Amino acid sequence: MIAEMTTGDALLIVDVQNDFCPGGALPIAEGDAVVPVLNRWIEQAAARGVPVYASRDWHPVGHVSFEASGGPWPPHCLQDSEGARFHPELKLPETVVKVTKGVRFDQDQNSAFDQTGLAEELRQRGVKRLWVGGLAEDVCVLATVLDGCREGFEVHLIPDATRPVSPEGGARARQDMQRAGAHGLAAG
Ligand code: VGL
Ligand code: ZN
């Protein structure tokens, strides 16, 4: 699949941050297992001149998505914290474009496209096809893939480069992504 990356493609890495990996504030089982897989994709992207985008969850103190504010999640990815840093073994290129989200006081932004201008940026760079991996498969990867399809990109999930918060959520997310027209998902 990696061999298919070519001009007009972009690699979009969603929220591969310490807090979503084992030992973090909102750990996803095997979250860190996506890192070596994504490193191979990053290497291939560099070899083929394919741009790399990396989104990050970047919450203010007391964010609306935190339990104490009535949200579903424990505090995580606080701006400038160790937990908000990209996984230390993720080999992001110097040319990586970071997409910061989750900064609003009044609402969460699960999708990397949500009020970030990312769709416009990608179109301006001539991107037509997106290869997506990262965390979590049933939260921010799902929302990003659905928005990417809606925005008219040909979206390919990299199945071994993502992990869900829950297995059931992951199964539902794969169905939803497939229905939306995303590629890379096994039939059924
Ligand atoms: C995410 C839960 C809360 C994610 C972000 O990146 O998937 N999950 N905030
Ligand atoms: Zn969050």
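Here we summarise the structure given alongside this text.

Description of the packing of helix 3 (residues 140-150) against helix 4 (residues 167-179)
Where helix 3 contacts helix 4, the axes come no closer than 9 Å and their chain directions differ by 5°. Considering the angle they form, helix 3 stands roughly parallel to helix 4. Between helix 3, through Leu142, Val145 and Leu146, and helix 4, the contact on the second element is made entirely by Ala173, Asp176 and Met177. The residue makeup of the contact of helix 3 with helix 4, split by class, is five nonpolar, no polar and one charged.

Some details on the pattern of salt bridges
Under the criterion given, the structure shown has eleven salt bridges. In this structure, Glu137 and Arg174 form a salt bridge, with 2.9 Å as the shortest nitrogen-oxygen distance. You can see Glu137 sitting in the loop between strand 4 (129-135) and helix 3 and its partner Arg174 sitting in helix 4, a full 37 residues away along the chain. Exposure remark for Glu137: the relative accessible area of 3% places this residue in the buried category. By relative accessible area, which is 35% here, Arg174 ends up partly exposed.

Points about the nonpolar core
Judged by nonpolar contacts, the single largest core of 56 residues is most densely connected at Leu11, Ile13, Leu122, Leu130 and Val145. If you list the elements that add at least two residues to this core, you get strand 1 (9-14), helix 1 (34-48), strand 2 (52-57), helix 2 (118-124), strand 4, helix 3, strand 5 (154-163) and helix 4. Ranked by residue count, the leading element in this core is helix 1, at seven residues.

Let's talk about the packing of aromatic side chains
Overall, the coordinates contain two aromatic pairs when judged by the stated rule. Ring centres of Trp41 and Trp131 lie 5.3 Å apart, and the angle between their planes is 40°; on these two criteria the pair is classed as tilted. Taken together, the residues Trp41 in helix 1 and Trp131 in strand 4 connect sequence positions 90 residues apart. Side by side, Trp41 and Trp131 carry an identical accessibility label, which is buried. Aromatic side chains Phe113 and Phe153 sit 6.1 Å apart centroid to centroid with 25° between the ring planes, which places their arrangement in the stacked category. Separated by 40 residues along the polypeptide, Phe113 in the loop between strand 3 (97-101) and helix 2 and Phe153 in the loop between helix 3 and strand 5 bring together distant segments of the chain. Residue Phe113 shares its accessibility class with Phe153, and that shared class is buried. One cation-aromatic arrangement involves Arg56 over Trp58; the distance from NZ or CZ to the ring centre is 4.0 Å.

Calculation notes
Residues numbered from 1 in each chain as written. Chains lettered and ligands numbered in written order. Predicted model: local features only at pLDDT ≥ 70, side-chain atom pairs only at ≥ 80, totals over all residues. Heavy atoms only, no water. Axes fitted to C-alpha atoms, helices over the stretch in contact; angles between N-to-C directions. Helix = DSSP H or I, 4+ residues; strand = E, 2+ residues; numbered from the N terminus. Parallel < 35°, antiparallel > 145°, perpendicular 65-115°, else oblique. Contact = heavy atoms within 4.5 Å. Nonpolar A, V, L, I, M, F, W, Y, C, P; charged D, E, K, R; others polar. Salt bridge = Lys/Arg side-chain N within 4 Å of Asp/Glu carboxyl O. Buried < 20%, exposed > 50% of the residue type's maximum accessible area, 1.4 Å probe, protein only. Core = buried A, V, L, I, M, F, W, Y, C linked by side-chain atoms within 4.5 Å. Phe/Tyr/Trp six-rings, centres within 6.5 Å; stacked < 30°, edge-to-face > 60°. Lys NZ or Arg CZ within 6 Å of the ring centre and 35° of its normal.

Worth remembering: the numbers are spatial, not functional.
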